[in-house]
Each structure stands twice: as C-alpha cells, then as structure tokens.
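Breakdown of the fold
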Amino acid sequence: MDRDFSHSPRDESTLDFKKASLKERFTCLCGGISPRPIALVSTIDKEGKVNLSPFSFFNVFSSTPPILIFSPALGGREKIRKHSLDNVSDCPEAVIHVVTRSMVEQASLSSVAYPKGVNEFVKAGFTAIPSSQVRPPRVAESPVAFECQVQQIISLGTEGGAGQLVLAEVLLSHVHKRVLDKDGLIDPVKLNPVARLGKDYYAEVNAQSLFEVEKPVGKKSLGVDALPSHIHHLGLSGNEIGKLGGTEQLPSPADCKAFRSQKIWQEFQHDLNTPSSNPSSWKSQALSHVQKLLHKNQIQEALLLLSQPEWTSEKLS
C-alpha cells in the first residue's frame, strides 16, 4: 500500500535529547505530549500545614488497584524539591482534584512558589472542606475529588527536571451530582475539565470539541490491509481508511447487489449531476458520497458503495 505522507526529513525539526538543554527537552515534551489532564493536589506537612499545587504530569494508571500518579519534578538547575513532594514523603496522603474551566485561573495561581507553610487554599481563594478518610482537606470548588493513600514514591533522577512519581491509591471519590448524566456517569460536557498544553496554552472539553470513536474491543476487525486494493488509491484520509478497516467482514456479491435496490444507492444515483458514462466525474462524486457516509459513521453503507463494480471498472483505472 502506497501512502504519501507529504513531508520529507527536511520538513522535520529533530532534537537530540542527550545533547539538549533542560529547557529544550521540557518545551518539546510539554508541547508534543498534550493535552495533559491536571491534578490539583492537596497535602499536609508534619505540622499539619496545608499545601495545594497543580500538576500536569499526571494520569490514571490502574483500576485494580485504583492508582493515580502525579510527578512533582525537581525544579530547574537548583533541583528544588516541591513542597508537595516533601509533604507526601512525611505524611503519605493526598486529595487529587479535577480542574475545570470555572476554576482554572485559581488552580494556576496555586502553582506560585510561595514559601513553605503558606496555605495555597487561601492564596488562590479556594474553599477547604474536610476529607472523609485522609487528613488533607478537599477543594469544594472541584466537582471530582479522589482521597488517596500514597503507596510509593519513585525517583527518576536527582538532576533538575527529574520526575518524582507519586503512586497514590484511591480510597474514596467525591463527585458532584451536577456533572452526572441520566445514567449516573460523569458527563464530560457537564464536567468541562481543562488540560495543559505547551507554553501558556490550555484546552477545555466542551460540546464543540467532543467526538466519538467506537472502540474495536471484542471485534475481529479486518484491518486496513484487508480492504480491496482500489480503496487505497482513492484519496481517502487516514481516519476514513481506519473506519473502513474497523469492519469485521467485506460485503458479499449478494450484499452488493441488494444494496443497489436500497434508498442510499438510489439517492446517490439521483444526486449525480453527470451521466455515469463519464468515469472521472462518477468517481469524484461517488468518493464525495462515501466521505459523507463515513462522516456520519454509516461505515457499512460506505463500504457497500465502495464495493460496487463501477469502482473496479477499467474506465476508472
């Protein structure tokens, strides 16, 4: 299968991470690995003083046991340890909160390097409420909070920028009912979480940014390589080819014949502005029709249209 990736090595910027500076590595990683979810983490020190700080080196890594990991990396050339790291080393508990669009400015403010012992709840204007099973308080403004027991801290190095992975087991979750859908599941639009990108950029989840991709779990998908050869040369995008490759079987000759009596084929024939005797025009309009079907996730119908004998006619080759 021939694919044109429309670029050459000259079009690429290559960075040798063994030779790059800390700033170069950091900006490349944070710009390329994005968007990243944000953990707003509350902790306490040995004296019971509260700390609150956001981390975008964060994600969920296991459901059994339920493990979240965030990384308070050592800061800059001075290799400064973050107060959150000191706190979970001394008092291995934390509350990890989801950051939403309505609280992102406050969460950002809590990232200021205030002196040890300063309460970022107060500095950022957040409301502290008691947790149920751990000592650090929760952020009332966050609609999703996870009370966690810190199980392990894994140091990835001692130089500036070295990650310090905090493995936190979830003991209890708190979810505001206002972000749940009718089935009691978290609705991403109602939650409206934000994520971190490179530089000063953030992204938010809203109705306009959402789309669905059906998971091929439990399916015996054919794969792109099993599609008829003519499909690979029609100019479909990688996503469009990927949708077709997710089907489990190709249409049979009987299926293709029956399709010609269905409404979709008849509408397609009706929409043709030029006689089908013009192979170039037929191919162009048929391809447009296929792409419209794929956009609406009518994948089987698109494959049936692509399996019609007109595509393999010598006139179209």
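Coordinates for the structure precede this section.
Please read these numbers as outputs of a predicted model, since none were measured by experiment.

Thresholds applied
- Residues numbered from 1 in each chain as written.
- Predicted model: local features only at pLDDT ≥ 70, side-chain atom pairs only at ≥ 80, totals over all residues.
- Heavy atoms only, no water.
- Buried < 20%, exposed > 50% of the residue type's maximum accessible area, 1.4 Å probe, protein only.
- Helix = DSSP H or I, 4+ residues; strand = E, 2+ residues; numbered from the N terminus.
- Pairing = 2+ DSSP bridges.

Our next topic: the pairing of strand β5 (residues 66-70). Most of β5 is tucked away, with 4 of its 5 residues classed as buried. Bridge count between strand β4 (residues 58-63) and β5: 5 bridges; the pairing is antiparallel. Counted as the bridge partner of Asn59 is Ile69 from β5. Hairpin connection of β4 to β5: 2 residues between the antiparallel strands. With 4 bridges joining them, β5 and strand β10 (residues 164-175) adopt antiparallel strand pairing. The residue of β10 that forms the bridge with Leu68 is Ala168.

Cis geometry is found at the peptide bond from Ser34 to Pro35, where omega equals 0°. Put simply, Thr64 and Pro65 share a cis peptide bond, and its omega is 0°. Residue placement: Pro65 occurs in the loop between β4 and β5. Although it is not a glycine, Lys199 adopts a positive phi angle of roughly 55°. Looking at the secondary structure, you find Lys199 in the loop between β11 (194-196) and β12 (202-204). Judged by relative accessible area, which is 68%, Lys199 ranks as exposed. Despite not being glycine, Asn297 has its phi angle at roughly 60°, a positive value.

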